[in-house]
Amino acid sequence: MSAARPTVYFHRVCPFAQRAMIMVHEAMHATADPAILNVKEVSLNDMPTWYAGGINRRETLPGLKFPDGTSYPESLLIAKYIDTAYLAPKGRNLMPVSPAGVAFTVPEMESKIGAFMNAVWAMYGCLGCSADKIPESVDAVRVALKEAIEKTFTASSGPFVYGDHFSMADVAIFPFILRFNSTLMAYCNLRIAEEFPRLRLFIDACLRRPSVASSSCAGEYYIAMYGALGYTDGKKPTWEYEMTIAESDPFGERLQITAAKMIDAIHAKNKVAPAPVKDVSDETLDTGCQDELMCDFSFVTIKTVVVPQGLEPVSYTHLTLPTKRIV
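Everything numeric in this text was worked out from a predicted model, so none of it was measured.

I'm lost on the packing of aromatic side chains in this one. Help?
Aromatic ring pairs are defined here through the distance separating the ring centres and the angle between the ring planes. If you walk through the whole model with that rule in mind, you get 16 aromatic pairs. Consider the rings of Phe16 and Phe176, whose centres lie 4.9 Å apart with planes at 80 degrees: the pair is edge-to-face. Of the two residues, Phe16 is situated in helix α1 (residues 15-31) and Phe176 in helix α6 (residues 168-188); the sequence distance between them amounts to 160 residues. The partly exposed category is assigned to Phe16, whose relative accessible area is 24%.

Explain the pattern of salt bridges here, please?
Considering all chains together, one arrives at ten salt bridges under this definition. Asp204 is the partner of Arg200 in a salt bridge, and the nearest nitrogen-oxygen pair spans 3.1 Å. Here Asp204 and Arg200 lie together in helix α8 (residues 197-207), a separation of four residues that amounts to about one turn. One salt-bridge network, held together by shared partners, links Asp139, Arg142 and Glu195.

What is the right way to look at helix α5 (residues 134-152) in this model?
In an α-helix, one turn spans 3.6 residues, which is why side chains three or four residues apart end up on the same side. Helix length check: α5, at 19 residues, gives a terminal C-alpha distance of 26 Å against a target of 27 Å (1.5 Å per residue), a fit within 8%. Taken together, the buried positions of α5 are Ile134, Ser137, Val138, Val141, Ala144, Leu145, Ala148, Ile149 and Thr152. Seen end-on, α5 carries its buried residues on one side only, within an arc spanning 130 degrees. In α5, the exposed positions angled more than 90 degrees off the buried face are occupied by Pro135 and Val143. Buried positions along α5 lie against α4 (106-127), α6, α7 (192-195) and α8.

Would you explain the sheet that holds strand β4 (residues 71-72) in this entry?
Strand pairs in the sheet, formed through backbone hydrogen bonds, run parallel or antiparallel to each other. Ordered by their spatial adjacency, four strands build an open sheet running β2-β1-β3-β4, and the pairing between neighbours is mixed. Each having just a single partner strand, β2 (38-41) and β4 make up the two edges of the open sheet. Sheet strands in contact with α1 are β1 (7-10) and β2, and its direction is about 140 degrees off that of β1.

Can you help me understand α6 in this one?
If you check α6, its first and last C-alpha atoms are 30 Å apart, about what 21 residues at 1.5 Å a residue would give, namely 30 Å. Of all the bends in α6, the greatest reaches close to 30 degrees and is centred on Phe174; the proline Pro175 follows between one and four positions later. α6 sits mainly inside the fold: 21 of its 21 residues count as buried. Backbone geometry just after α6 places Asn189 at a positive phi near 55 degrees.

Looking at this structure, how should I read the nonpolar core?
Most often, soluble globular proteins keep nonpolar side chains buried together rather than apart. Within the largest apolar cluster, 91 residues are counted, with the highest numbers of intra-cluster contacts made by Ile82, Phe116, Met123, Leu145, Leu184, Ile192 and Leu199. Ranked by residues supplied to this core, first place goes to α6 with 15 residues. Among residues more than four places away in sequence, those in contact with Leu199 are Phe116, Leu145, Ile149, Phe153, Ile177 and Ile192.

Explain the pairing of β1 here, please?
Here is the key point about a regular strand: its side chains alternate between the two faces of the sheet. Along β1, one buried face is formed by Thr7 and Tyr9 and the opposite face, lined by Val8 and Phe10, is buried too. Where β1 meets β2, four bridges bridge the pair, whose relative direction is parallel. Across the sheet, the residue bridging to Thr7 is Asn38, located in β2. In this fold, β1 hands off to α1, which returns the chain to β2; that crossover is right-handed.

Any chance you could explain the side chain of His11 here in plain terms?
Along the chain, His11 falls in the loop between β1 and α1. Among the residues examined, His11 registers a relative accessible area of 1% and is labelled buried.

It is not clear to me how the side chain of Lys235 should be interpreted in this structure. Could you clarify?
Here Lys235 lies in the loop between α10 (219-228) and β5 (239-246). Of the side chains with opposite charge, Asp233 lies nearest to the buried Lys235, which makes no salt bridge, at 5.5 Å. Within polar-contact distance, the side chain of Lys235 engages the backbone oxygen of Thr232 at 2.9 Å. Not counting the four nearest positions on each side in its chain, Lys235 is found in contact with Cys126, Leu127, Gly128, Cys129, Ala131, Ile134, Tyr187 and Cys188.

Cut-offs applied
- Residues numbered from 1 in each chain as written.
- Predicted model: local features only at pLDDT ≥ 70, side-chain atom pairs only at ≥ 80, totals over all residues.
- Heavy atoms only, no water.
- Phe/Tyr/Trp six-rings, centres within 6.5 Å; stacked < 30°, edge-to-face > 60°.
- Helix = DSSP H or I, 4+ residues; strand = E, 2+ residues; numbered from the N terminus.
- Buried < 20%, exposed > 50% of the residue type's maximum accessible area, 1.4 Å probe, protein only.
- Salt bridge = Lys/Arg side-chain N within 4 Å of Asp/Glu carboxyl O.
- Expected span 1.5 Å × (residues − 1).
- Arc of directions from axis to C-beta.
- Contact = heavy atoms within 4.5 Å.
- Pairing = 2+ DSSP bridges.
- Axes fitted to C-alpha atoms, helices over the stretch in contact; angles between N-to-C directions.
- Bend = angle between axes of the 7 residues up to and from the residue.
- Core = buried A, V, L, I, M, F, W, Y, C linked by side-chain atoms within 4.5 Å.
- Right-handed = clockwise from strand over helix to strand, strands pointing away.
- Lys, Arg positive; Asp, Glu negative; His and termini not counted.
- Polar contact = N/O pair within 3.5 Å; in protein donor to acceptor, adjacent residues only side chain to side chain.

Here it is, written out as structure tokens:
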């Protein structure tokens, strides 16, 4: 790591930290410098004393440390700093005034972010509720999301909060939608992107942006980590891949074997112990990622759907795996 550049501390599972990491990648693209900022992943399960004691006394992520030793502890504050310091000089700032001339103000943007965060807290409550409280918690999430979408997205036809303009509002909101889209489906059988098409449009558009895609993980990872970190009140997840084959398809059995091998590979991840996390001074840290918890992917299953002969389309020889996989 370069000692002359600020360091962003994060963890891949943390949505607040992804806000900062999206902006790190935006800065990389804006400046054409992949080392414009130092980045370091910090353990959530066993937070190092040097981080909690000196960089972010709240013991939360993300954190930003400057070469002079000062630090920022709050996700949107860090995101706005990166926007001002690295994107604005290149005319690519995501805060007002935008280079595209989009008419919005900082208070208006923050109001939209705040409106959606009300739904985020409802989703956290649903994920962490006991199994017997899932039905009423899911209903509360539906109500909260409907209201949040009306306040945050209705004025725009999409795909982003401000139409075609990717802004800080999207940076602030997307990480939560990404995680709850998979975790609520796996733990509470709530498919938010299916029930609210506006969110599906938003997710797909955001994931096409390099900074978002580079800082995002697959849904299986979030499902496993949220369970391992104790965010789900002990509920067991379900995660189903669906494979559709035609009854008359001569390659059907081969496809089933291939799919089974893929699932075996996912399960095998759980048998590999992660590298230990070392509590060392930040001056000696590298930028490698560390999974401090062993992720259990045994909840992943395959469902095979066989279409009877005579009902399948003419060009049905294909594998639609995974049709039920939601990012």
